[in-house]
Amino acid sequence: MTAPAPPRAPRRRTGLAARLRAGLAALVLAAGSLTLSAPGAAAVHSTPPALPEADAAQAASQPGPSGTSDAAEAPAVARIAVDSVSPWVEADGALEVTGRIVNGSSDTLSPSVLALSRSSSRLASRTEISDWVDAQPSALLLATSEDETSDGGAPDGDASAEGDEDADTALEVPDLPASLAPGESAEFSFTVPAETLRPAGSPVEAWGALGLVVSLAGTTASAPAAQDGASGAQDEATDSPEENPAGSPSAQPTAVQLSAPAFTVWHPDPGVDPTVLSALLPVTLDAPAADGGPLVEPEVLERAADPSAHGAHAGALDRTLTAANTLDDAALAVDPRLLASVRAALELPAEEPADPAAASGAANGESTGEEAEGGSAEGGSAGENASDPASAGQDPGAEAAGGTSGTEDATAPGEAISPDSSAPPEGTLGPQEEDGTEQEGSEGGNGTEQEGADAEAPDGSTADPEAAAERLPRLAEWYAEFTRLAADREVVPLPWADADMTALRLAAAAAEDSAEPENPDDPASLRAEGLTGLLGRADAERGFTGPLADSVRTDIVWPAAGTVRDEDLAALADRGAGTIVLADDQRPSITTYTSSAHSTMGTDGDPQLRVGGSSAGEDGDDRVLDTLIADSGLSRAAAEQASGAPRAPGQTLAVSAAITAERPFDSRHLLLTLPREGAGSALPELAEQLSAAPWLSSETLTDLGDTEPVARGSLEEPEEAAGGQQAADLLSELGEAHGSGSEAAAVFVEAGSARRDMARSLLSCAATRRTEGIRAQTEGAGAAAEETADCSSRAQGWVSALAGGVRPEPGSSVLLVTGEQAHIPVHVENSTNRTARIRLRVEASTPQLSTEESEPLELGPGESRSVDVPVRGLANADVRAQVRVLGMDGTRMPQSTDLLVRVRADWENTATIAVGSALALVLVFGLVRTIRRGRPTIPKSQLDAAVARAQDD
């Protein structure tokens, strides 16, 4: 049964033939709009030729036959892609809609009629706008491809309607091609005068969001076999199915009905009070290092700063800066990993952010689980110095930074950077001590230690900012402009890599609950310690020093949307948070309309209104926090539009218009949070629309916080996410890697720096946008989980390589000890880029071999050396032993190698006894023989001769 034709908006008169054609087209399109979601209504699903990147992204976002994306279930389809829509139309303006018909199927598409329709009335609520994206039940036909137009503006050259003398915009409709071969696309454009678009009613009643839909009716026919190497192309396009010979594959064409929704806003200057909008714009770049290291590679940063570049993250930083310049009052949520990476790439003196919660954490006796060299606490919110204590030559607990520390230098915040100077650039972030001087030994971008501007670059050469700026001109230009801009803006510091602090805290608590305190080797204990250390490090990275100190709002915390629990509020307050950004999913409005964003609540999650500026309850225990409630519907629409592939272009402004239309003469102040995953391809365009929309105005976060707080509901506990366990498992792996790596870092002279870089590397895989996608189990959750697992694997490999970089090399499988006091030569290697100071010890499994520690040994980066380890052989035995690496404090490191030691401790005594015994036997044997022979007898002749000689004398 054919559906009735949709009503048509009032428009100029046309000829009889044109009206008949338009009526027939309307019948076809109406039937198509009702059957569009039915199976089989779409084009034949088959693998299409490769599409441009933008087309592929658009295809992924188009709704499929069952409500899922075409990319997920049926990637090979013909589709309509709406590329642009006039964001709003005024009384003397015109609606312009452009797009493409893309034949992604393996069949030839023959378009018949392309039509543009609008909703029969304005969409006055969020629900109506959301419903329009999924289905367009009632629409007024505005124009079709079969309409006749003329230069005069009215179809068939008729005069314009009475009372519309100023309307000089002509109706323009597209010319459709006869057919589209597989992989081909055709552009289309509609221009509809305001008179045709105009809804009925007074300006106040009629103004607001209008739903649009572009509909296509046509047929598909199977393409003949490819000829001359042309894959899936037809020799000749046919205008009608009847021209195909009977019995050919295309003799039975398939009807195709396609549609694509969009929105515009009718704004005939109704005189309504504008809605005030405060925006929070993340300055992030979620680009894990290829080797798993803590910083983004310089070539990736240069590509991200270059608007003409191609590849992953191309132009992302440039788009962020463009959007920030457009949104004059937007606060910047800055990722410290990005700034550290940029400064390292430009070979600028490294900055170390102050720990805004160190003092409060120490006061509350909190521990991060990280220990600096010598066993003192390192990292986290419990007493870590703003810069690395070891590299600065200070005691780790000598100074605890509270809030934003450091003083401004003599450079004015707004002065320009000089990337060609080897001195620290003016107007940039920089490490400072309390007297304003730069700290020595700050960490370099690749984890090596640097001292001032003469520090060594990653390749070992002296750092040269001027040469780095020449190698990375786009990045240097971007950083100079960014620091100038940020000096005049509110800056909200994010955790390192925008890590999901709530998820880390929850995973650490779960590990602690399952740990066995009496068993130090328990894996759960190791995970709990590692996760606590990661949590402390992520929190410690929040905060900036230098010229931007006055702009940084360390009191504002922005957790992942929809994840905060009651117990998290007190923990955040303990770390210095005074204002928390939440989603209205957790703190809903208690009115029938959209409430303003500023509210207050107690740390127990109960709603409380601040009285007389007090931040504590009557008993002094229940602290009151400011909450800035982000409009989740508006933020989701903005994120989709900023990606460059929205399902319904114009939805963001449509939602904002519906909010304003709820109470057109009661201005409210809303908070818009822009996407945390980085700048999409359409972010600058979105920023331009938000800035220029006549029913919106902008103010800063400070202005929002100064407004009167409104009552809202209690904090709602987050629902159990479908992928929550998967996200927790991935974070647990990171915690376990950090727990084992932190222990091994004690071998380095700068142990705190090594632990910091290990934590930074692992935190890069705990970004909020990753955990949000995995928990939500959205269409891209599988890809997000795989991407995060790959990032985690590389980061753990980097940490393992650093932790095991100082190790003894395997020696001979059998060694002979030739005395009670001896030495075993052991060859030890340092394959890292850090200086290590260690001792070695041979540990035997049985008591026949007693060992001692070697003399202290210092190994520079990449150095190897042979060390004599003293041992004592106590008894003869073949002893299995391990050569262990020890820290200078005697801590046993996991690095080791096995040896088989053959002990012969008494062979010299045995040889002495044997020789002595042999000599004694020879002496005894001679004596015995002598005795047995007796005294010798003198011959008688000799005796007589002797007597005679005696008588003669």
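Residues numbered from 1 in each chain as written. Predicted model: local features only at pLDDT ≥ 70, side-chain atom pairs only at ≥ 80, totals over all residues. Heavy atoms only, no water.

Moving on, we come to the overall build of the protein chain. Broken down by element type, the protein chain carries 26 helices and 26 strands. Within the protein chain, contacts between residues separated by at least 24 positions form 77% of all contacts whose residues are at least 6 apart in sequence. If you sum the accessible surface of the protein chain, you get close to 40,400 Å²; carbon and sulfur atoms cover 50% of it. (Helix = DSSP H or I, 4+ residues; strand = E, 2+ residues; numbered from the N terminus. Contact = heavy atoms within 4.5 Å. Areas by Shrake-Rupley, 256 points an atom, 1.4 Å probe, with all protein chains shown as cover.)

For the rest of this paragraph, the subject is unusual backbone geometry. For His-313, which is not a glycine, the phi torsion comes out positive at approximately 65°. With respect to the element layout, His-313 can be found in the loop between helix H7 (298-305) and helix H8 (316-326). What makes His-313 partly exposed here is its relative accessible area of 31%. (Buried < 20%, exposed > 50% of the residue type's maximum accessible area, 1.4 Å probe, protein only.)

This paragraph deals with the packing of helix H4 (residues 126-134) against helix H18 (residues 651-662). Two quantities define a packed helix pair, namely the angle between the helix axes and the distance between the axes. Close contact between H4 and H18 brings their axes to 9 Å; oriented N to C, the two are set at 155°. With respect to H18, the axis of H4 lies roughly antiparallel. Viewed along their axes, H4 and H18 form a crossing whose handedness is right-handed. Judged by residue contacts, Arg-126, Ile-129 and Val-133 of H4 engage Gln-651, Ala-654, Val-655, Ala-658, Ile-659 and Glu-662 from H18. Taken together, the residues of the contact of H4 with H18 sort by class into six nonpolar, one polar and two charged. (Axes fitted to C-alpha atoms, helices over the stretch in contact; angles between N-to-C directions. Parallel < 35°, antiparallel > 145°, perpendicular 65-115°, else oblique. Left-handed = near helix turned anticlockwise from the far one by under 90°. Nonpolar A, V, L, I, M, F, W, Y, C, P; charged D, E, K, R; others polar.)

The three strands are arranged E1-E3-E6 in an open sheet whose pairing can be described as antiparallel. Two strands lie at the open edges of the sheet, namely strand E1 (78-85) and strand E6 (185-193), each paired on one side alone. In this sheet, adjacent strand axes meet at a mean angle of 20° when their direction is disregarded. Pairing of strand E3 (residues 94-103) with E6 involves nine bridges; the strand directions are antiparallel. (Pairing = 2+ DSSP bridges.)

The next point concerns the packing of H8 against helix H19 (residues 683-692). Where H8 contacts H19, the axes come no closer than 8 Å and their chain directions differ by 5°. Regarding the angle of H8 to H19, the classification is roughly parallel. Residues Arg-319, Thr-320, Thr-322, Ala-323 and Thr-326 of H8 form the contact with H19, whose own contacting residues are Leu-683, Pro-684, Ala-687, Glu-688 and Ser-691. Looking at the contact of H8 with H19 residue by residue, the class counts come to four nonpolar, four polar and two charged.

This model, assessed by the stated rule, comprises one disulfide. The disulfide partner of Cys-765 is Cys-791, and the gap between their sulfur atoms is 2.1 Å. Taking the sign of the torsion about the S-S bond as the criterion, the disulfide between Cys-765 and Cys-791, at about -80°, is left-handed. Highlighted residues: Cys-765 in the loop between helix H22 (751-763) and helix H23 (768-776) and Cys-791 in helix H24 (residues 781-803), separated in sequence by 26 residues. Under the relative-accessibility criterion, Cys-765 is labelled buried at 2%. Classification of Cys-791 by relative accessible area gives buried; the value is 3%. (Disulfide = S-S within 2.5 Å.)

Turning to the nonpolar core, a few remarks are in order. Among soluble globular proteins, nonpolar side chains are generally buried collectively. Core analysis: the largest hydrophobic core is formed by 71 residues, its most contacted members being Leu-285, Leu-301, Leu-475, Trp-478, Phe-482 and Trp-695. Among residues more than four places away in sequence, those in contact with Leu-475 are Leu-301, Glu-302, Ala-305, Leu-317, Val-342, Ala-345 and Leu-346. (Core = buried A, V, L, I, M, F, W, Y, C linked by side-chain atoms within 4.5 Å.)

When you line up the elements, Ala-577 lands in the loop between helix H16 (566-574) and strand E13 (579-583). For Ala-577, a relative accessible area of 7% puts it in the buried group. Separated by 23 residues in the primary sequence, Ala-577 and Thr-554 have C-alpha atoms spaced 7.3 Å apart. Aside from chain neighbours lying at most four places away, what touches Ala-577 is Asp-555, Val-557, Leu-572 and Leu-625.

Okay, the confidence of the model for the protein chain next. Predicted coordinates in areas of low pLDDT are best not read in detail. Mean pLDDT over the protein chain: 75, with 68% of residues reaching 70 or higher. Here residues 151-167 is a poorly scored stretch, pLDDT under 50, and it has 28 contacts once near neighbours within four places are set aside; other chains count. Of the regions scoring below 50 in pLDDT, residues 354-461 engages in 277 contacts with residues more than four places distant in sequence or in other chains. (pLDDT = per-residue confidence, 0-100.)

It is worth spelling out the sheet that holds strand E24 (residues 864-873) at this point. If you trace the four strands from one edge of the open sheet to the other, you get E18-E20-E24-E22, paired in antiparallel fashion. Every other strand in the sheet has two partners, leaving strand E18 (806-808) and strand E22 (849-851) as the edge strands with one partner each. When strand polarity is set aside, the average angle formed by the axes of neighbouring strands in this sheet is 40°. As paired strands, E22 and E24 are joined by three bridges and run antiparallel to one another. When the bridges of E24 are listed, Leu-849 appears paired with Gly-873.

Turning next to the pattern of salt bridges. Under the criterion given, the structure shown has 32 salt bridges. Glu-787 is paired through a salt bridge with Arg-770; the nearest N and O atoms lie 3.6 Å apart. With a gap of 17 residues between them, Glu-787 in helix H24 and Arg-770 in helix H23 connect regions that are remote in the sequence. A relative accessible area of 32% places Glu-787 in the partly exposed class. Note on Arg-770: relative accessible area 1%, which makes it buried. Each of Arg-537, Glu-541, Arg-756, Asp-757, Arg-760 and Arg-834 takes part in a single network of salt bridges with overlapping partners. (Salt bridge = Lys/Arg side-chain N within 4 Å of Asp/Glu carboxyl O.)

Moving on, we come to the pairing of strand E25 (residues 877-886). Summarising burial for E25: seven of the ten residues are buried, a large majority. Relative to E25, strand E21 (residues 836-844) is paired through six bridges, and the arrangement is antiparallel. When the bridges of E25 are listed, Ala-844 appears paired with Ala-881. With nine bridges connecting them, E25 and strand E26 (residues 892-903) associate as antiparallel partners. Looking at E26, one finds that Ala-881 is bridged to Leu-899. Linkage of E25 to E26, two consecutive antiparallel strands, is achieved through a turn of five residues, within which Gly-890 is found at a positive phi near 90°.

Another point: H22. Counted at 1.5 Å a residue, the expected span for H22 with its 13 residues is 18 Å, and the 18 Å between its end C-alpha atoms agrees. Within H22, 13 of the 13 residues are buried, which leaves the element mostly enclosed by the surrounding structure. (Expected span 1.5 Å × (residues − 1).)

To continue, consider the packing of aromatic side chains. The final tally for this structure, using the stated rule, is four aromatic pairs. Taken together, a centroid distance of 5.8 Å and an interplanar angle of 85° make the contact between Trp-88 and Trp-695 edge-to-face. Of this pair, Trp-88 sits in strand E2 (residues 88-89) while Trp-695 sits in the loop between H19 and strand E17 (696-698); the two residues are 607 residues apart in sequence, bridging distant segments of the chain. Aromatic pair Phe-188 and Phe-190: ring centres 6.2 Å apart, planes at 65°, arrangement edge-to-face. Taking the relative accessible area as the measure of exposure, Phe-190 reaches 0% and is therefore buried. Cluster of aromatic residues (ring-pair linked, three or more members): Trp-88, Trp-207 and Trp-695. The ring of Tyr-593 is capped by Arg-663, whose NZ or CZ atom sits 4.2 Å from the centre of that ring. (Phe/Tyr/Trp six-rings, centres within 6.5 Å; stacked < 30°, edge-to-face > 60°. Lys NZ or Arg CZ within 6 Å of the ring centre and 35° of its normal.)

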